[in-house]
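Residues per chain, in single letters:
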Amino acid sequence: MNLASAREVRDESRAGSRSLHVTLDEVFGRIDRFDGDLQAMAFVDREGARRRADELEAKRKRADELGTLFGVPLVVKSNLCVEGWETNCGSRLLEGYRPPYNATVIQRALDADAVLIGCAHMDEFAMGSSGENSAFASSKNPWDLQRAPGGSSSGCAAAVAAGYVPLALGSDTGGSVRQPAALCGVSGFKPTYGRLSRFGLVAFGSSLDQVGPLARSAGDLELALEVLQGSEGKDPRDATSIATPPAPPENTSLRGLRIGMHRQAFSGAGVHRGVRDRVEEGFERLRAAGAELVEFELQRSELAIPTYYVIATAEASSNLARFEGVRYGRRVEGDGSLAGMMASSRARGFGAEVKRRILLGTYVLSEGYREAWYEKALETRRAMGAEFARAFASLDLIVSPTSPTPAFRLGERTRDPLAMYASDVMTVPASLAGLPAVSVPCGTVEEAGVRLPVGLQFTAARGADAFCLESARLFEETGDAWQGPPTITSP
Ligand code: GLN
C-alpha cells in the first residue's frame, strides 16, 4: 500500500473520495513500521495532524475555498520555524526552543490546507552532507540502511523516499535539498535565490540559503513552488525575497532546447563509473526527446568548493553568534560569569562540525586575512555568476550529475571533512550563482549487491524556476517515474 502523489492526494481529498484520516493512518502506519530503523523523524505531531484533518474535513463542503495542498501531508526540516514545535536545527544548543511564530513558507503551506506531520532530522544547523552531524540521530537511507541518505535535509529525503509523505520542505545552502534527493531517489528543487522567503528559516549562509521542496516528481515540486512563493513572492519580512515573475509560456516539449553538458562534472576524476553511465543515458533520453546537447565547461570549477566553504563559513560564524545561551535554547551556567555562561553554552551546545565552521569563518573574516580569503572568494563567486549568465545567453539548461557518487556508507566520510565537502562539488556552483536547480532520479547503480539511485541535476538561468521544473517534469516523462518506495530491510 502506497500513498499517492501530492497532486492525487489533494484531488482525492478535495473530492471526498479520500478521507484525510485514512491518509493519516497511512502516514503514521509507515512511520510506525519503518522509523525505528530509518530515524527520519525528529518529532511527529499526531494529535495536531488529527485535529487539522477534522478542521479540513469540515471545510470540504465549501468547494471554492479548498487550498492547493488540501489534505497533503507535509514533513518539514527542523530548521523551519513552526509555532510551538521544537525547532532545534539538529543541535543541542536549540534543544527545547519553540518558536512563537511560523516561517513564511510554513504559513503559506498551511494557508493552502496542507497537513503538518512533523519535523525531520538534519545535520546540525544544516552543515553536512550525510545527516551524521545531527546531535540527535543520523537518518538512514531507505535503499540501504547501512548508507547515508545524504544531507543536510537527510530526514526529509528519507521520509519522502520511504513513502511516509509525498512532500517535504528542506533547505539548500550548497546542495542540501538536491544531494539527499539524489541519494534517496526522489526529486528536490533549489529555487532562484530570493524566490522563497527565508523568514523563519534558521540562517546558515544567508546569501546562499533557500527553502526547497522534496517530492516524488517534478510535477509535485511545481505544485509546492506555486504555493510556497505565494501570489506575490515578495515577503515584506525578508528583504532578499523577490517578486514572482509572470508565468512563462508553458514549455510542452524538450524539442529544440539547447542543453549544456557540464563537462568537468561528469568526466572528472572522482565521478563514480555507474553514475557516469546513468548520466550518459540521461543525455541520450534528452537527445531522443529532441534536445540538442552541447559541451559546457565552467572555468575555474575547481574553485567552487573552496569558494563556497569560505563564504558559507564566514556567514555562519556571523549568523551563529546569536546563540549565546541568553536568547535561545539551552543555557549552561559555567563559572557563573556572563562570559563564562556564553562560552560554556556554546562549548556544550555546538557539535564538532559547527565549531570547525565557526573557527574557519572567523578566521577568513579576521583582520589581515579578510582580503586574502573572504574577498577573493567573493570575487570568484562574481566571476562564476557572470560566466553562468554568459552561458545562459545561448543555453536553455545545464545538466550534470547531482552527486559524484551514489549513497556512501555511514561513517565512511565522517573522519575526513574534505571528503565530505567533496560531496557538494556538483551542487555548489548553482548555489554560488543563485540559480534554480533541480535533481531528478536517473536510474540506479548496483553497489555491493544493492541498488542505489542516481540523480540528474538541471540548472537554469536566474529566475527561470518554472522552466527548470517543467523541463525536469518532461525529462521524467521519458522514463523513470516514481515506482514506489524501495523495499526497506532491517539489518
Ligand atoms: N553539504 C553542504 C554543507 O555542508 C551544504 C549544506 C546545505 O546546503 N545546507 O555546507
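Residues numbered from 1 in each chain as written. Predicted model: local features only at pLDDT ≥ 70, side-chain atom pairs only at ≥ 80, totals over all residues. Heavy atoms only, no water.

Q: For this particular structure, what's the right way to read the site of the ligand?
A: Within the structure, the ligand sits among 15 residues, and Thr173, Gly174, Ser176, Tyr308 and Arg357 are positioned closest to it. The separation between an oxygen atom of the ligand and a polar side-chain atom of Ser176 is 2.7 Å. The separation between an oxygen atom of the ligand and a polar side-chain atom of Tyr309 is 3.3 Å. Here the ligand loses 100% of its free accessible area of 290 Å² to cover by the protein chains. (Near = heavy atom within 4 Å. Polar contact = N/O pair within 3.5 Å; in protein donor to acceptor, adjacent residues only side chain to side chain. Areas by Shrake-Rupley, 256 points an atom, 1.4 Å probe, with all protein chains shown as cover.)

Q: Looking at this model, I keep getting lost on the sheet that holds strand β4 (residues 167–172). Mind explaining?
A: Sheet architecture is open: eleven strands sit in the order β1-β3-β2-β4-β6-β5-β10-β11-β9-β7-β8, paired in mixed fashion. Edge positions in the sheet fall to β1 (41–44) and β8 (292–296), since each has one partner strand and no second. Adjacent strand axes in the sheet meet at a mean angle of 30° when their direction is disregarded. Bridging between strand β2 (residues 73–77) and β4 involves three bridges; their strand directions are parallel. Looking at β4, one finds that Val76 is bridged to Leu169. Taken strand by strand, helix α2 (residues 20–38) contacts β1, β2 and β3 (115–120), and its axis lies near 15° from that of β3. (Pairing = 2+ DSSP bridges. Helix = DSSP H or I, 4+ residues; strand = E, 2+ residues; numbered from the N terminus. Axes fitted to C-alpha atoms, helices over the stretch in contact; angles between N-to-C directions. Contact = heavy atoms within 4.5 Å.)

Q: Is there a simple way to think about the environment of Ala377 in this case?
A: Structurally, the position occupied by Ala377 is in helix α13 (residues 370–391). Classification of Ala377 as buried rests on a relative accessible area of 5%. As for Ala377 and Ala218, which are separated by 159 residues in sequence, their C-alpha atoms are 33 Å apart. Setting aside its immediate chain neighbours within four residues, Ala377 contacts Thr307, Val310 and Ile311. (Buried < 20%, exposed > 50% of the residue type's maximum accessible area, 1.4 Å probe, protein only.)

Q: Whenever I open this one, unusual backbone geometry confuses me. Can you help?
A: Across the chain, the bulk of peptide bonds are trans and the bulk of non-glycine residues have phi less than zero. Between Gly151 and the following residue, Ser152, the backbone shows a cis peptide bond with an omega angle of 10°. Inspection of the secondary structure assignment puts Ser152 in the loop between β3 and α5 (154–161). The phi angle at Gln39 is positive, at roughly 50°, despite the residue not being glycine. Tracing the backbone shows Gln39 in the loop between α2 and β1. What makes Gln39 partly exposed here is its relative accessible area of 30%. Positive phi outside glycine occurs at Phe125, with the angle close to 50°. Residue position: Phe125 is located in the loop between β3 and α5. Residue classification places Phe125 among the buried positions, given a relative accessible area of 3%.

Q: Explanation requested: the packing of α2 against helix α3 (residues 46–59) in the structure shown.
A: Packed helices, taken two at a time, are described by the angle their axes make and the gap between the axes. Their axes nearest at 9 Å, the elements α2 and α3 cross at an angle of 160°. Judged by the inter-axis angle, α2 sits roughly antiparallel to α3. Crossing of α2 against α3: the hand is right-handed. Facing Leu20, His21, Leu24, Asp25, Phe28, Ile31 and Asp32 of α2, the residues of α3 in contact are Arg46, Ala49, Arg50, Ala53, Asp54, Leu56 and Glu57. Class assignment for the residues of the contact of α2 with α3 results in seven nonpolar, one polar and six charged. (Parallel < 35°, antiparallel > 145°, perpendicular 65-115°, else oblique. Left-handed = near helix turned anticlockwise from the far one by under 90°. Nonpolar A, V, L, I, M, F, W, Y, C, P; charged D, E, K, R; others polar.)

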